[in-house]
Amino acid sequence: MIVVNPESAIEALMARARNAQAHIAHYSQARIDQLCLAAGWAIMEPARNRTLAELAVSETGLGNVPDKIAKNHRKTLGLLRDIANAKTVGVIADDPATGITEIARPIGVVGAITPSTNPGATPANKIINALKGGNAIILAPSPKGAKVCTKLIEYIYAEFDKINAPRDLVQMLPMPVTKALTHALMGAVDLIVATGSQSNIRAAYSSGTPALGVGAGNVAVIIDADADLKTAAKKIALSKCFDNATSCSSENAVVVLESVYDAMMEALVVEGGRLLHQSQKDALERALFFRGVLAPTLIAKSGAHLAFQIGLVRKDEVKFMIAEETGIGPEFHFSGEKLSPVLTAYRAKDFGDAVRIVNAIYAFQGAGHSVGYHGEHAGHIDLLARSLPVSRVIVNQPHAIATGGSFENGLPFSLSMGCGSWGKNSFSDNLHWRHFINITRIARPIPAREPSVESVFEGYWRFAGK
């Protein structure tokens with residue numbers, strides 16, 4: 001094995017990245033957009049998409065090929081739609097009333113930490129966003145996802161060669177990817193965008209470099225009394241099983257009102273769920289958790305695979321399993337994120353009790369991410385948005401598909417969801433192109449708008465006196 005000195009390796013990568021970024025400093029918007037399309041086609045071209053999906057599953061053991069293909073395609077296509085008309089070169093806003101002109105400027109070199117759960121789609125998303133801002137990018141993939149990242153970059157280079165673009169705009173750490181290399185990268189780049197383990201997120205935020213990192217997932221979904229149970233069950237099953245629940249946005253718990261609880265369980269069973277008896281739940285807990293930690297050999301496997309591991313046998317395939325629970329916290333393993341086709345079910349006396357349960361779940365794990373809601377009560381939706389520690393309320397949609405942007409909602413397409421201060425993050429929206437630019441503002445003189453002291457304080461004086 002070749003021993004790589006982290007500092008010298010990163011210094012070489014940074015020098016190449018800065019040269020490439022300087023090369024495109026005078027690119028027009030059309031030329032920048034051409035770079036983005038080249039990177040997008042590198043992953044979306046059907047044959048290459050399939051190769052990347054197959055390599056992702058074979059290398060990481062996580063997820064399944066058809067859903068990886070769908071994710072690579074939809075997430076990239078949606079991102080390209082989102083950025084198509086966005087201005088990131090030159091003047092992007094000019095307001096005569098305020099005298100402010102805004103000019104987009106590149107950030108420089110972006111360091112991207114990417115996870116094994118989405119070793120193709122997440123790097124592609126960050127690459128395209130970085131290029132949209134006129135930046136260079138260096139990727140630090142998870143060790144399991146490194147071969148996928150290498151292949152993706154190979155495809156990007158093939159597209160860059162067609163349009164005479166500098167290859168060094170997109171680079172990755174040399175293999176084998178190590179913590180030392182990743183930490184050295186964090187200290188050298190101009191911005192870190194980190195998705196993956198919370199240890200990597202914390203390292204990014206403590207690196208001294210500006211960082212955008214995401215929080216932990218543990219999504220709960222409330223089933224209200226007026227929900228269309230059949231439709232809700234179909235959407236939850238679709239989301240829970242998509243890519244074997246590799247997504248941090250996958251539903252981990254359903255909190256169902258008492259009045260519709262039994263009917264909802266029946267609807268979930270119709271969609272391929274298996275409601276576990278206590279002995280089966282205990283067996284699954286022993287298999288899936290070891291000393292409170294998820295078993296790496298069982299996460300992101302199919303429901304049928306998990307069912308076989310605990311001795312469940314039935315003629316029709318088990319798509320996902322449902323474990324009923326009443327407790328929340330570290331001693332109740334099913335109350336946390338499971339990264340597998342396992343859904344925890346809680347029974348709520350009424351909507352207020354459902355909100356209490358979800359609050360307790362997020363106090364344990366998942367604060368800041370998102371909550372799902374199935375029902376039609378506008379007041380309940382508003383209450384969730386105003387009271388829960390979440391950055392998104394996903395209404396009547398398959399959560400894992402909707403929360404990172406969908407063609408059926410207005411959220412930006414992304415695989416990195418900020419969780420705000422609740423999740424100890426510096427942002428609370430979906431990572432998108434605006435996070436990859438600096439803005440220089442020209443401030444010109446305008447007619448003075450200084451208010452009188454009386455006009456500012458008159459209301460306060462009437463209430464409190466001078």
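Nothing here was measured: the structure is a model prediction, and the numbers come from that model.

> Any chance you could explain the nonpolar core here in plain terms?
Generally speaking, a soluble globular protein has its nonpolar side chains buried in company with each other. The biggest cluster of nonpolar side chains holds 77 residues, and the ones touching the most others in it are Leu35, Ile127, Leu131, Phe160, Leu169, Val170 and Leu173. Ranked by the residues each element gives to this core, the list is headed by helix H6 (residues 146-162), at nine residues. Aside from chain neighbours lying at most four places away, what touches Leu131 is Ile32, Leu35, Cys36, Ala39, Phe160, Leu169 and Val170. Ile222, Ile223, Ile322 and Val390 belong to the second largest nonpolar core, which has 42 residues in total.

> So what exactly am I meant to see when it comes to a nonpolar patch on the surface here?
There is a patch of nonpolar side chains on the surface, built from Val453, Val456, Phe457 and Tyr460 and spanning about 400 Å² of accessible area. Counting through the fold element by element, Val456 comes out in helix H16 (residues 453-464).

> It is not clear to me how empty space enclosed by the protein should be interpreted in this structure. Could you clarify?
If a probe as big as a water molecule is rolled over the atoms, it shows which places are left empty. Applying the stated rule across the entire model yields one cavity of 30 Å³ or more. Looking at the largest cavity, the residues that line it are Leu52, Ala53, Ala56, Lys68, Lys71, Asn72, Asn118, Pro119, Gly120 and Ala121. Elements represented by at least two residues in the lining of the largest cavity include exactly helix H3 (46-60) and helix H4 (65-83). Partitioned by chemical class, the residues of the lining of the largest cavity number five nonpolar, three polar and two charged.

> Would you take a moment to explain the packing of H4 against helix H5 (residues 121-132) for this structure?
The relative placement of two packed helices comes down to the angle between their axes together with the axis-to-axis distance. Two numbers describe how H4 lies on H5: the axes approach to 9 Å, and their chain directions differ by 15°. The orientation of H4 with respect to H5, classified from their angle, is roughly parallel. Between H4 and H5 the crossing geometry is right-handed. Here H4 contributes Lys71, Asn72, Thr76, Leu79, Leu80 and Ile83 to the contact with H5, which in turn contributes Ala121, Asn125, Ile128, Asn129 and Lys132. When grouped by side-chain class, the residues that make up the contact of H4 with H5 number five nonpolar, four polar and two charged.

> Is there a simple way to think about the pattern of salt bridges in this case?
Side chains that differ in charge, positive against negative, can pair when their charged atoms come close. Within the structure shown, the criterion is met by 20 salt bridges. Linking Arg16 and Asp168 is a salt bridge whose minimum nitrogen-to-oxygen distance equals 3.1 Å. In this pair, Arg16 sits in helix H1 (residues 6-23) while Asp168 sits in the loop between H6 and strand E5 (170-172), placing the two residues 152 residues apart along the sequence. Under the relative-accessibility criterion, Arg16 is labelled partly exposed at 41%. The class of Asp168 is partly exposed, set by a relative accessible area of 21%. Its salt-bridge partner being Asp262, residue Arg347 comes within 3.7 Å of it at the nearest N-O pair. A residue pair is termed long-range when its members are at least 10 positions apart, and Arg347 in strand E14 (residues 342-348) and Asp262 in helix H10 (residues 261-270) qualify at 85 residues.

> Looking at this model, I keep getting lost on the layout of surface pockets. Mind explaining?
When its volume is computed, the second largest pocket comes out at roughly 240 Å³. Together, 16 residues line the second largest pocket, and Gln198, Ala216, Trp422, Gly423 and Lys424 are the ones closest to its centre. Elements that contribute at least two residues to the lining of the second largest pocket include exactly helix H8 (198-205) and helix H13 (351-364). When residues of the lining of the second largest pocket are assigned to their parent elements, the largest contribution, four residues, is made by H8.

> Would you take a moment to explain the side chain of Asp67 for this structure?
With respect to the element layout, Asp67 can be found in helix H4. We note that Asp67 is buried and unpaired, the nearest opposite charge coming from Lys71 at a distance of 7.8 Å. At 2.6 Å, the side chain of Asp67 and the backbone nitrogen of Asp243 are in polar contact. Residues within four places of Asp67 in sequence aside, it is in contact with Cys241, Phe242 and Asp243.

Procedures and definitions
Residues numbered from 1 in each chain as written. Predicted model: local features only at pLDDT ≥ 70, side-chain atom pairs only at ≥ 80, totals over all residues. Heavy atoms only, no water. Core = buried A, V, L, I, M, F, W, Y, C linked by side-chain atoms within 4.5 Å. Buried < 20%, exposed > 50% of the residue type's maximum accessible area, 1.4 Å probe, protein only. Helix = DSSP H or I, 4+ residues; strand = E, 2+ residues; numbered from the N terminus. Contact = heavy atoms within 4.5 Å. Patch = residues over 30% accessible without salt bridge, like charges linked within 9 Å, V, L, I, M, F, W, Y side chains within 5 Å. Areas by Shrake-Rupley, 256 points an atom, 1.4 Å probe, with all protein chains shown as cover. Salt bridge = Lys/Arg side-chain N within 4 Å of Asp/Glu carboxyl O. 1 Å grid on protein atoms, 1.4 Å probe; cavity = no way out; pocket = protein on both sides within 12 Å on 5 of 7 lines; lining within 4 Å. Points joined across faces, edges and corners; volume = space filled by probe spheres on them. Nonpolar A, V, L, I, M, F, W, Y, C, P; charged D, E, K, R; others polar. Axes fitted to C-alpha atoms, helices over the stretch in contact; angles between N-to-C directions. Parallel < 35°, antiparallel > 145°, perpendicular 65-115°, else oblique. Left-handed = near helix turned anticlockwise from the far one by under 90°. Lys, Arg positive; Asp, Glu negative; His and termini not counted. Polar contact = N/O pair within 3.5 Å; in protein donor to acceptor, adjacent residues only side chain to side chain.

Function cannot be inferred from these measures alone, as they are strictly geometric.
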